[in-house]
Each structure stands twice: as C-alpha cells, then as structure tokens.
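# Structure at a glance
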Amino acid sequence: MAPKTKEKPKAAAAPSQPPHAIEDLFTSLNRHIQRSEFTQAVKVANQVLSVAPGDEDAIRCKVVALIKADKVEDALSAIQSAQKVSFDFSFYKAYCLYRQNKLDEALELLEKQDKTQPSMLLESQILYRLGKMDACVDICRNLQRAKIDSLEINLVAGLVSAGRASEVQGTLDAIKIKATSSFELAYNIACSLIEGNKLKDAEQLLLTARRIGQETLTEENLADDDIENELAPIAVQLAYVHQLLGQTQEAVGAYTDIINRNLADEPSLSVAVNNLIAVKGPKDISDSLRKLDRLKEKDSQKFELAHAIDLKLSPKQKETIYANRVLLLLHANKMDQARELVSVLPERFPDSVMPVLLQAAVLVRENKAGKAEEILGQFAETFPEKSKIILLARAQVAAAAGHPQIAAESLAKVPDIQHMPATVATLVTLKERAGDINGAATVLDSAIKWWKSAMTEDNQLSVIMREAASFKLRHGKEEEAAHLYEELVKGHGDTEALVGLITTVAHVNVEKAEAYEKQLKPLPGLKGVDVDALEKTSGAKSVDGASRGGLADAQEDGKTKEKPKKKRKRKPRYPKGFDPANPGPPPDPERWLPKRERSSYRPKRKDKRAAQVRGSQGAVVRDKSESSASAANSSTSNPKSSQSTSSKGASQNTEPSRPQSKSSRKKSRK
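Below: a short report on this structure. Computed from a prediction, not measured in an experiment: that's the story for all the values here.

### What to know about the pattern of salt bridges
Pairing is possible between side chains that carry opposite charge, provided their charged atoms lie close to one another. Applying the stated criterion across every chain, the model contains 27 salt bridges. Where Arg141 meets Glu167, a salt bridge forms, and the shortest distance between an N and an O atom there is 3.6 Å. A residue pair is termed long-range when its members are at least 10 positions apart, and Arg141 in helix 9 (residues 133-142) and Glu167 in the loop between helix 10 (151-161) and helix 11 (168-175) qualify at 26 residues. Among the salt bridges present, the one from Glu319 reaches Lys316, with a minimum N-O distance of 3.8 Å. Placement of the pair is Glu319 and Lys316 together in helix 20 (residues 315-331), with a separation of three residues, close to one helical turn.

Shown next, in the form of structure tokens:
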C-alpha cells in the first residue's frame, strides 16, 4: 500500500504539460498578430480557450483580432460570451457599436466609463460622426496635452466641420505644427481655406498634399491602385475647387474620371457623383439618376444609400444626396418616386429642415401651393428656432401662387431682416398688391425708424427715405412725402431729394416751391436761353441727323451752334476686273426669284402618247416590244454601270450597312 501512495505525486506531474502548450500557443498568437494575420490569430486564440477557458488575455486577443479582421458581429458575440470574465470589455463593445453605426448606444456606453485617452478619442470620433462638432473639438483640445500622434488632424477636421475654419491657423500656430507635416493635415487645412473662400491657396495646398501623399505611400510600398484610393479625397476636393473657380469643364472631367476609374473609396465616390450631378443640373436627368443608383443598396427597390457609404458619410452629406435625388425626380416628373422618398426623409433627418422643404416642393409641383403653405406654416410654429428659412420658403411659394397677403405675413415674421432694403421693397410690393396701402406705409416708417437709430457704416437711411417719399407721393400723401424730402435735403443735401421736394410742394404751396427752387444750381449752357420765348413756342421739332447733346451742345455762353462738318465723299469700290465705263448688260432683275416665278419659265409638256393603249387589254404592240428589246441590248452593252448601280441599291436597302455606320460612330468617339 505504501508504494502506491508514493506514486501519486508522479501522476500529478502530467497536468504540468498544458502550461507549456499554452506558452507555445501564445507565442504563435503573438507572431500572427505581429504579421497582421488576424484570421490565424483567432484560430490560435480559440485553441488557447479550449485548453484554458476564460483566459482574459486570450479573449482580449480574439476580440481585437476579430475587429481587425472586420468581423465586428463575431467580436460582439465573443464579448457577450465573456461576461463571466472579470475584465471589462465595455470599450471594445463601444468600438464595435461605433463600427456598426449604432452611435447613440456607443456614446451611452462610453459615458459610463472612466475618461481615459482611448475612450476620449473614441468619444470624439462618435461625436464627429453624429455631427456634434463643438463637443468633438472640446475633447480634442483637452487631449492636446497628452501629445497623441495625429491628433491635430482630427482637431482641424472638427473645426472646419463646426464652421470655425477661421480658428485653424491660430490653432496650428499655438501647437507649432506645419501645414505640410502630413498629407492628411494639409488636406484638412485646404478645406479650411475653401471655407474662407481662399480658393487659389487651397488649390496649391491640395497639390502639395497630393505630392506628399504619393511620396509617403510609395515609401510604405503600397500598390498604385491603393495609393490612388488613399488620395481620392484630394482629387475630389481639387475638382470641387475648380468648380468653385468657374472652371466647369475641368471639374466635370475630373469628376467623370474618378467615377469611371472606380478606384476611389466610397465617400469620395459618393461626393464625386453628387457634385457632378450638381454641376450638370437638369441636363441629362436619366444619366444623373443612373449614377445615383450606383450609391444605393443593390437588393433594395427603394433608394437607400449602401451600408458602407451610409457609415462613412456625414449627416449633411447624406442629406444633400437624398435632396438631389428628389430634385432630379421632380425634373423627370416621377412624382410617385419623389413622394415616396420624401416621406421617409423626416425620420432619417429629424433635426433638419430639408425634408419639409422638399415636401413643400413636391406639393408645389403638384399644383397644391395652398397645402405647401399650410405645412410650412405648421412647421414654423412648431419649431420657431428653425423657422427663418421655412418662413422665407413659405413667402416665396405664396408670392408665386398669387397670395400676396400670406407672403407678406410670412416675411414679416422674420425679425432680423425687416430693415434690409430688399426686404422692405418686397414687403411694400406685396402689401400694395394685396391693397394694404397703410400697411406698406407702416413698413417704410418702421424701416426709417430703425435706420435712424442704427450705428452702422453702411447706413441705408437715405435710400429708404427717398423710396418712402416716392411711395407716399404716388399714393396722394403729399404732406408726408414733402416732410421726408425736406429731411433729406437738410440732413444729406441730396439734389434728387431737392427736386422731389420742389415737385411735391408745388402741389400744395407754390411760393414755398419757388423758394426751394432757388437752391438748385444753374445748369451750364442755359445762360443765353430765353425761357419766356421758349414757353411761347409750340415745342421742339425733331430734325433728322440732329445730335443728342441737348441744350448744352446747342448753345454755350450765348454762341450759336457751329455748322456741322461735311462728310467726305468716298469713291465707290468695284469688284476686281469691273470697268465702270463699260459695265456690260444689266443683271437679270428676276435672278433671285424661284424658276417657277420667273416670266421666262415654261413648264415641261407631258407626253400624252405614253398613256395611249392600242388594241385589246393585255395585248402588246410590236413597236414597244422592239423598243424594250433594244433597251435590254443597250443595258447589256454597259455591264459596269449596271453593276455599280445595283450594288449601290443593295447597300442602301440591306441590313449590312448598319454596322458600318455604328463602327464609324465608334471611331468618332475615340
């Protein structure tokens, strides 16, 4: 019995072999990860877990390898099966949700985690994808002290997308980074220059970014197609700059080349298609719709962006593509498809005003302007913070539909543009059409009051007052018009206002008008003119060849007008070889008339003998048979002309002639 008990420790040595196997497996796992062989790494990680279930390192390596292999669903399943493990996989789960475009869930999960550098970087990316650019910029600024590589690229991208492109240069100066430190940073800075309308500078920087990118990616031993794919955003942006510069042909050529080569990434290809459609406008609508169909899901009957494109485009870019699709359908008169697409846009873009604007456009196209006005009015009341563009659209729809009162009412609800001359002129015109003269006068009075108290360099008070005086004079309010003209004369010394004042006061008080008339400066050239004598004449008579100079040219300091200079007679120019002394017979006066209308025209006589038939029906006269025989003999005597004629007829009437024309068209295309 005792020897058996001594042998038990020797048997326990058998389980010591798996640790050595696990070490070998981990060595193999590390080797596959270093070589980016992620599929093999997953297999090895599964072998480790089969030996040591619940190993945290093996599970973590498996999850990361699955994410690197773009198997996000499998990574989530692996995280779900590892709930009993003490390690917290929340960050990896949030990243997987981010890859699946479940941004709200990912952000909610990150908010429960500690603020580490990786989690903050992921949070900034999620906020950028959600369109919350200011929050994204704030996180990037907080991470600046950590000296994370390439953080400035994300920071500049966030600033540009947030509409804060003017802060980019100051930010770069603060962190002491050159614009050409990487081609990604140069590209983002070029985008900021485009926002600042510095198009030439942006073009030069984009060309520099492309050169740096080609050098960098070539050093990394990337294939030519991969390099072109990586630099596709720069190519699209260059084409966009050419488009803004008015170089339409260059832009269209660049967009078309990017689309046809099909070597760009999904976002760049989508932007190129959208921009090309925007440049072409309503021309060739069918081709534009076909190009947009390349961006949708292949199996979907409805227009819906492909999942890969939907993941990578910003909400603004996706909204623009859907809006252009609706506009093309309206131009193509495909109302059912347009109505169907518009109905799903409010759910896709709940924070945007574009869906309701497109819905109103569809209704207007269907001659339902009243319904469009109603929908726009309801939206403006529900969302007053977004009502400005909605009210402007409602005013435009109502004005085009002949509803001036509704148009004026909508325009009057936009407070920050009430004083602008264009708005004032539009409101006055609309109220005049609606018959509300007092309302139009009130608009003018309010604008005058605003500009009197405004402290701006570009003051439009004189313009508004002059138009208000003209309006009131036109509608019989002479006293108010005279008061406005008088203010203009006293405050601005306006000559036009002085003329208007004299004209207006003359209706009420002639003596006062004459007093103001004395303030007018005398016109040059009128010193020697007898006004009384001019009033007694019957009026000016038009004289052929008289100059348009007026009184200033007719008389100057009492001197009579000089005699006009005589025109020098030029010798007539004759055709070459023509002798004017011996011109020959005159040309035929009927040479330009058609032959049928000329007096010398004689119509050809019809041969009545051809219609005569001798003998009974079906009989053949001997003379005709002989003549036909002689004709046959004459035809056989010249076979070449007969063959050429028959061959020409065959080429015109048979099918083989069609490929010939097609091949010629193909050559012309080349």
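### Thoughts on unusual backbone geometry
At Ser36, a position not held by glycine, the phi torsion is positive, near 60°. Inspection of the secondary structure assignment puts Ser36 in the loop between helix 2 (17-34) and helix 3 (38-51). When its relative accessible area of 47% is taken as the criterion, Ser36 is described as partly exposed.

### Structural notes on the side chain of Asp265
Here Asp265 shows up in the loop between helix 16 (248-261) and helix 17 (266-280). One buried charge, Asp265, has no salt-bridge partner; the nearest side chain with opposite charge is Lys312, at 6.1 Å. A polar contact of 2.6 Å, which involves the side chain of Asp265, links it to the side chain of Ser268. When residues no more than four places from it in sequence are discounted, the contact partners of Asp265 are Asn229, Ala232 and Pro233.

### Focus on helix 18 (residues 285-293)
For helix 18, the complete set of buried residues consists of Ile285, Asp287, Ser288, Leu289, Lys291 and Leu292. On its buried face, helix 18 is in contact with helix 16, helix 17 and helix 20.

### Side note on the packing of aromatic side chains
Throughout the structure, instances matching the rule amount to nine aromatic pairs. Ring geometry for Tyr95 against Tyr98: centres 6.0 Å apart, planes inclined by 45°, an arrangement best described as tilted. With Tyr95 and Tyr98 both in helix 6 (residues 90-99) and three residues apart, this pair spans about one turn of that helix. With a relative accessible area of 27%, Tyr95 lands in the partly exposed category. Taking the centre distance of 4.8 Å and the plane angle of 40° together, the rings of Phe379 and Phe383 count as tilted. A relative accessible area of 31% means that Phe383 is categorised as partly exposed. Clustering of aromatic rings is evident, with ring pairs tying together Phe87, Phe89, Phe91 and Tyr92. When the ring centre of Phe87 is taken as reference, the NZ or CZ atom of Arg60 above it lies at 4.6 Å. The ring of Phe383 has Lys386 sitting right over it, with the charged end atom 5.2 Å from the ring centre.

Calculation notes
- Residues numbered from 1 in each chain as written.
- Predicted model: local features only at pLDDT ≥ 70, side-chain atom pairs only at ≥ 80, totals over all residues.
- Heavy atoms only, no water.
- Salt bridge = Lys/Arg side-chain N within 4 Å of Asp/Glu carboxyl O.
- Helix = DSSP H or I, 4+ residues; strand = E, 2+ residues; numbered from the N terminus.
- Buried < 20%, exposed > 50% of the residue type's maximum accessible area, 1.4 Å probe, protein only.
- Lys, Arg positive; Asp, Glu negative; His and termini not counted.
- Polar contact = N/O pair within 3.5 Å; in protein donor to acceptor, adjacent residues only side chain to side chain.
- Contact = heavy atoms within 4.5 Å.
- Phe/Tyr/Trp six-rings, centres within 6.5 Å; stacked < 30°, edge-to-face > 60°.
- Lys NZ or Arg CZ within 6 Å of the ring centre and 35° of its normal.

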